[in-house]
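Remarks on the overall topology
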Number of protein chains: 2
Amino acid sequence: MKVDKPAFQAVATVENNRFTLRGEQPVVLAIHGGAGVERAGMTPEIEAGARAAMELALRRGYEQLKQGHQAVDAVTAAITVLEDDPLFNAGRGAVFAHDGHNELDASLMEGATLAAGAVAGVHTVKNPILLARAVMEHSPHVMLAGDGAEQFAKEQGVSLVDPSYFRTERRWQELQHALQEENQQASVPDRAIKHFGTVGAVARDDEGRLAAGTSTGGMTDKHYGRVGDSPVIGAGTYADVDCAVSGTGWGEYYLRVSAAREICLRMGRLGESAATAGKAVIEDEIPGMGGDGGAIVLGSDGEVAFPFNTEGMYRGWIGADGVPHVAIYPNDALPLPVVDR
Amino acid sequence: MKVDKPAFQAVATVENNRFTLRGEQPVVLAIHGGAGVERAGMTPEIEAGARAAMELALRRGYEQLKQGHQAVDAVTAAITVLEDDPLFNAGRGAVFAHDGHNELDASLMEGATLAAGAVAGVHTVKNPILLARAVMEHSPHVMLAGDGAEQFAKEQGVSLVDPSYFRTERRWQELQHALQEENQQASVPDRAIKHFGTVGAVARDDEGRLAAGTSTGGMTDKHYGRVGDSPVIGAGTYADVDCAVSGTGWGEYYLRVSAAREICLRMGRLGESAATAGKAVIEDEIPGMGGDGGAIVLGSDGEVAFPFNTEGMYRGWIGADGVPHVAIYPNDALPLPVVDR
C-alpha cells in the first residue's frame, strides 16, 4: 500500500550512509526465522540456504521502506519470502500436525493504529500473513479460525493452493519420527513440542510507524487443534507506538505471560529499552517458568534486540543503508543499528 | 479439588463478621454476567431472573471457598451456574452464529502458577469452562480450537450435549432479527456486533491465591469462525499473583490492547489499585479507541472493581461473611469489600 504524502517530502537524501527522507526517521527492518535451531541438525546446505533466504527477505522488505511504503508493507513482504522458503516452519515447509495435515497460523499488527489481524488453523492459504493482513484491513474482526478463516480467504481473493503445496519431505520425516517416538513412549515426548521454527518481522518506516508480524506451521505432531502464541495478538505478536515484537518459542509460555504485550508495556510504561525489556521476558521470565524461545524487539527509537535462550535463532536486520546483516548462533557477529536517541 | 493443608490450619473462626482461617486471608469472589445490558430490552422478569442467578452463582462459588477449596474451584463453580442459566450468553442461552449454530468459548487461569486453559468454537460441550479447566490441568497446551477441542472433551469425559441443548427461543429470534437487518442493509450492522453478554468470575481463596475465568457464546450473527477476547489469555481473562481479571465487551478492542494483561501489569508493575487500573483500560483506553464493555478486577489485597462504560453490567460479589451483593445499572447500590491494606 502506497502512503499518501506531500510531494515535497518524497525527496530522498543520503546522509551519514543512511537512507532518509527529509526530516524523517531512518528505516529499519528486523526478522527471525525461528529460535528452534539445533546444531545437531544443521548442515552447511541448510545454513547457507537460511542465510540467503533471510538476506532476500530483508532486501524485499527494505524495498518497500525505500519506496516510502509503510512498516506493515515491509513486514508483510519479508514474511512472505520466509513463508515461501521450505527451510522455515511457515507457509511452504510447515511442520505436520498429528493427523498428517499442515495447519498454519499468522498475525499482523500496526503500531500507530493498533489495527490487527490474525488467522489460526488454515490449510489452503499460500501465505497466511497475507490473510492476516486481509483480516486486519477488510474485516471488523481481529482473529478468525479454521473453516471460517478459509471462507474469508476465498471471499477476499487471497491466493489458495492445494494442501499438498505445503508438504516437504523433511517435515514429513520429522512427523514420522515423532509418531514413532510417541508409540514407543506412550506419551508425547517433550522434544516434539520444541520443534518450533516460526518466522517473523518488525519494522519502522520513514514516518516512524512500527509494525510486527509472525507466521508459523505450529509444532510437529500437534494434537487437538492446539493454538499457539503466533496467531494471538499480545502473545506472539504486538506493536504499538513504543515497540514492535515478534516471538518464536514454546508457545504455551508466551501465551501465559502475553509475552509480546509485556515487552511493549515494559518499554512504554516503564521506559525500558528494547534490550532490557526483551531480556527480562525472553531470557529471564520465560525460562524461569520452564519455557524457551526468542523474539525480535524494535523500539520507536530504532533500537533492535534479538533476545533468545536456545542454541540458535535465525535472525537479521537491515537499516537505512540497505545492507542486510544475518546471524544464527549466539556468538555470531551481528552489528546493531545506530539508535537515534 | 481439595487443597492439602496442615490440619491445624483447618479450624475456621469468625472474626469481625468475616469467615477466615487462622492467619489466612478473607475470601472473596466477584462475577459478571455481561456488560451488554440495555434498558430498552429489560423486563422485570429478566431482571429478577438475572439477580437470582447471580446470587446463586455467588453462593455456589462461596461454598467452594468456605470449604477451603482453591480460587479456581470457586471461579469454575460460579461460572457453571451462569452457563447453565439461559439468561446469559454462555453455555445454555448462547447467541447464534450466522450459520444458525452456537459456538462457545471459555478460558480459565490460576494466578499463583500462571496455569491456563482455553477453548474456542466448541458446540457440544455443556460447560465450556469445565473443558477449559481440563485443558489447563490435563493437556500440555493452553488453547484448543474447534474439532480438536471437541475431541479432547470426549477423551476427558467432559459432559457433552446435543447442540440443540444450547438453543433458546430468545436467542434464535435475535439471530433472525440480525439476519433481517443484514439483508436490508447489505452490511453487518454495528448493533449485531454489540450483543455481548459474556459471563466471568474472579476469586481469592483463603491462602491468597487468585483465579479468573470467562465463558461466552460470542456475538449474534458472527461470521467466519471469529475468535473474540473471551478464550484469549491476556485479552478476556488473566490472573497472576497481583490481580485477576475477566472482561466482557467488544472483543476486538480487548484483543488489540490485551486488556486483562494490561490491567494486571498496571497493578503489578506500576502499583495501581484495581479501581485505577480497571478504569484506565476499560473506561478510558478502550472507549477512546471506539470500543465498549466492562470487566471485573480483583487485587491481591482483596480490592474488587467493576469498571464498565455501557448502560449496565450484571455484576456482584460475595465476601467472607457469605452475603451476596448484586447490581445491574451504574447507579445501583453496591457496597464493596473491605480491603486488607
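Counting of residues starts from 1 at the beginning of each chain's written sequence and follows it residue by residue. Labels follow written order: the first chain is A, the first ligand is 1, and so on. Residue-level local features of this predicted model are given only where pLDDT is at least 70; pairs of side-chain atoms are given and counted only at 80 or more, and the full residue set underlies all totals for whole chains, interfaces and linings. Water and hydrogen atoms were dropped before computing side-chain values, which therefore reflect all heavy atoms in the structure.

Moving on, we get to the overall build of chain A. Helical segments are the DSSP runs of H or I of at least four residues, strand segments are the runs of E of at least two, and each set is numbered from the N terminus. Across its full length, chain A holds nine helices and 15 strands. The buried label applies to any residue whose accessible area, calculated with a 1.4 Å probe on protein chains only, is under 20% of its type's maximum; exposed applies above 50%, and partly exposed to all values in between. A burial count over chain A gives 64% of its 341 residues as buried. Only heavy atoms enter the contact rule, under which two residues are in contact if any of them lie within 4.5 Å. In chain A, 69% of the contacts between residues at least 6 apart in sequence involve partners at least 24 apart. Summing over all exposed atoms, chain A offers an accessible surface of approximately 11,900 Å²; the carbon and sulfur share of this is 50%. For the area figures, the Shrake-Rupley method with a 1.4 Å probe applies, and any residue is considered shielded solely by the protein chains shown.

Residues and elements named next belong to chain A. Confidence scores here are pLDDT values: one per residue, from the predictor, ranging 0 to 100. When pLDDT is averaged along chain A, the result is 88; 89% of the residues meet or exceed 70. Counted against residues more than four places away or in other chains, residues 1–23, with its pLDDT under 50, gives 46 contacts. Low confidence marks residues 188–193, where pLDDT is under 50. Its contacts with residues over four positions away, or in another chain, come to 10 contacts. Across the interfaces of the predicted complex, the ipTM metric reaches 0.89, alongside a pTM of 0.90.

Let us now look at the packing of helix H2 (residues 71–84) of chain A against helix H3 (residues 128–138) of chain A. Residue and element names in this part refer to chain A. Helix axes are fitted to C-alpha atoms over the stretch in contact, other axes to C-alpha atoms as well, and angles between N-to-C directions run from 0 to 180 degrees. Direction vectors running N to C along H2 and H3 enclose 150°, while the axes themselves pass 8 Å from each other. Viewed along their axes, H2 and H3 adopt a mutual orientation that is roughly antiparallel. Residue-level inspection shows Val 72, Asp 73, Thr 76, Ile 79, Thr 80 and Glu 83 of H2 in contact with H3, the latter providing Pro 128, Ile 129, Leu 130, Arg 133 and Met 136. Each residue gets one label: Ala, Val, Leu, Ile, Met, Phe, Trp, Tyr, Cys and Pro are nonpolar, Asp, Glu, Lys and Arg are charged, and the others, such as Gly, are polar. Classifying every residue of the contact of H2 with H3 by side-chain character gives six nonpolar, two polar and three charged. An angle counts as roughly parallel when it lies under 35 degrees, as roughly antiparallel when it exceeds 145, as roughly perpendicular when it falls between 65 and 115, and as oblique in every other case.

All right, on to helix H1 (residues 44–66) of chain A then. What sets the pattern is the α-helix's 3.6 residues per turn: residues three or four places apart point alike. Residue and element names in this part refer to chain A. In a regular helix each residue adds 1.5 Å, so 23 residues correspond to 33 Å; H1 covers 32 Å between its end C-alpha atoms and thus fits that length. For H1, every residue scored as buried is listed here: Ile 46, Ala 50, Ala 53, Met 54, Ala 57, Leu 58, Gly 61, Tyr 62 and Leu 65. Within two residues after H1, Gly 68 carries a phi angle of roughly 85°, on the positive side. Helix span is expected to be 1.5 Å times the residue number reduced by one.

Let us now look at the packing of H3 of chain A against helix H4 (residues 146–156) of chain A. Residue and element names in this part refer to chain A. Between H3 and H4, whose axes approach to 10 Å, the crossing angle comes to 75°. Taken together, the axis directions place H3 and H4 in an arrangement best described as roughly perpendicular. Between H3 and H4, the residues in contact are Leu 131, Ala 134, Val 135 and His 138 and Ala 149, Phe 152, Ala 153 and Gln 156, respectively. Tallied by class, residues from the contact of H3 with H4 come to six nonpolar, two polar and no charged.

All right, on to the relation of the copies chain B and chain A then. To superpose the copies, least squares is applied to the C-alpha atoms of every residue with a pLDDT of at least 70 in both. Superposing chain B onto chain A requires a rotation of 180° together with a translation of 0.0 Å along the rotation axis, leaving an RMSD of 0.0 Å. The relationship between the two copies is best expressed as a two-fold rotation axis. Here 100% of the interface residues in chain B have copies in chain A that are interface residues too; the copies meet face to matching face.

What follows is about the nonpolar core. Buried Ala, Val, Leu, Ile, Met, Phe, Trp, Tyr and Cys residues form a nonpolar core when they are joined through side-chain atoms within 4.5 Å. In terms of nonpolar packing, the biggest core is built from 99 residues, with Ile 263 of chain A together with Met 143 and Ile 263 of chain B touching the most fellow members. Contacts of Met 143 of chain B, omitting those with residues within four sequence positions, involve Gly 225, Arg 226, Val 227 and Val 232 of chain A together with Ala 118, Ala 120, Val 135, Val 227, Pro 231 and Val 232 of chain B.

Residues and elements named next belong to chain B. Counting buried positions over the seven residues of strand S11 (residues 243–249) gives seven, a clear majority of the element. Side chains of S11 alternate between two faces, with Cys 243, Val 245, Gly 247 and Gly 249 and Ala 244, Ser 246 and Thr 248 buried alike. For two strands to be treated as a pair, DSSP must find at least two bridges joining them. Taken together, strand S10 (residues 237–239) and the strand that follows it, S11, pair antiparallel across an intervening segment of three residues.

Before going further, it helps to spend a moment on the packing of aromatic side chains. For this analysis, a ring pair means two rings from Phe, Tyr or Trp (six-membered ring only for Trp) whose centres lie within 6.5 Å, classed as stacked if their planes differ by under 30 degrees, edge-to-face if by over 60, and tilted for the remaining angles. In the structure shown here, the tally under the stated rule is eight aromatic pairs over all chains. Centre to centre, the rings of Phe 152 of chain A and Tyr 224 of chain B are 5.1 Å apart; their planes meet at 70°, and the pair counts as edge-to-face. A residue pair is termed interchain when its members come from two chains, as with Phe 152 of chain A in helix H4 and Tyr 224 of chain B in the loop between strand S8 (210–216) and strand S9 (226–227). The pair Phe 152 of chain A / Tyr 224 of chain B is uniform in exposure class, with both members buried. Cation over ring: Arg 39 of chain A sits above Tyr 329 of chain A, and NZ or CZ is 3.9 Å from the ring centre. Our definition puts a charge over a ring when NZ of Lys or CZ of Arg is within 6 Å of the ring centre and also within 35 degrees of the ring normal.

Attention now goes to the pairing of strand S15 (residues 324–327) of chain A. Residues and elements named next belong to chain A. Residues Pro 324 and Val 326 point to one face of S15 and His 325 and Ala 327 to the other, with burial holding for every one of them. With four bridges connecting them, strand S14 (residues 315–318) and S15 associate as antiparallel partners. Residue Ile 318 lies in a different strand from S15, and its bridge partner there is Pro 324.

For the rest of this paragraph, the subject is the interface of chain B and chain A. When the parts of a complex come together, some accessible area is lost, and that lost area is often used as the size of the interface. Taken together, the contact pairs 39 residues of chain B with 39 residues of chain A. Between chain B and chain A, the buried area comes to about 3,300 Å², and carbon and sulfur atoms account for 62% of it. Salt bridge, as applied in this entry: a Lys or Arg side-chain nitrogen positioned within 4 Å of an Asp or Glu carboxyl oxygen. Inspection of the region where chain B meets chain A yields four salt bridges. The closest approach of N and O atoms between Glu 262 of chain A and Arg 261 of chain B, which form a salt bridge, is 2.7 Å. Polar contacts, as counted here, are pairs of nitrogen or oxygen atoms within 3.5 Å of one another; within protein the pair requires one atom able to donate a hydrogen and one able to accept it, and residues that are adjacent in sequence qualify only if both atoms are side-chain atoms. Applying the counting criterion to the chain B and chain A interface returns 18 residue pairs in polar contact (both at pLDDT 80 or more). Elements that contribute at least two residues to the side of chain B that touches chain A include exactly strand S6 (143–145), helix H4 (146–156), S9, helix H7 (251–257), helix H8 (259–269) and helix H9 (274–289) of chain B. Of the residues belonging to the side of chain B that touches chain A, the class tally is 23 nonpolar, seven polar and nine charged. Of the pairings in the sheet, the one linking strand S6 (residues 143–145) of chain A to S9 of chain B comprises two bridges and is antiparallel in character. Looking across to S9 of chain B, one finds that Leu 144 of chain A is bridged to Arg 226 of chain B. Buried surface area refers to the total accessible area, computed with a probe of radius 1.4 Å, that the two partners give up upon joining, counted for both partners together.

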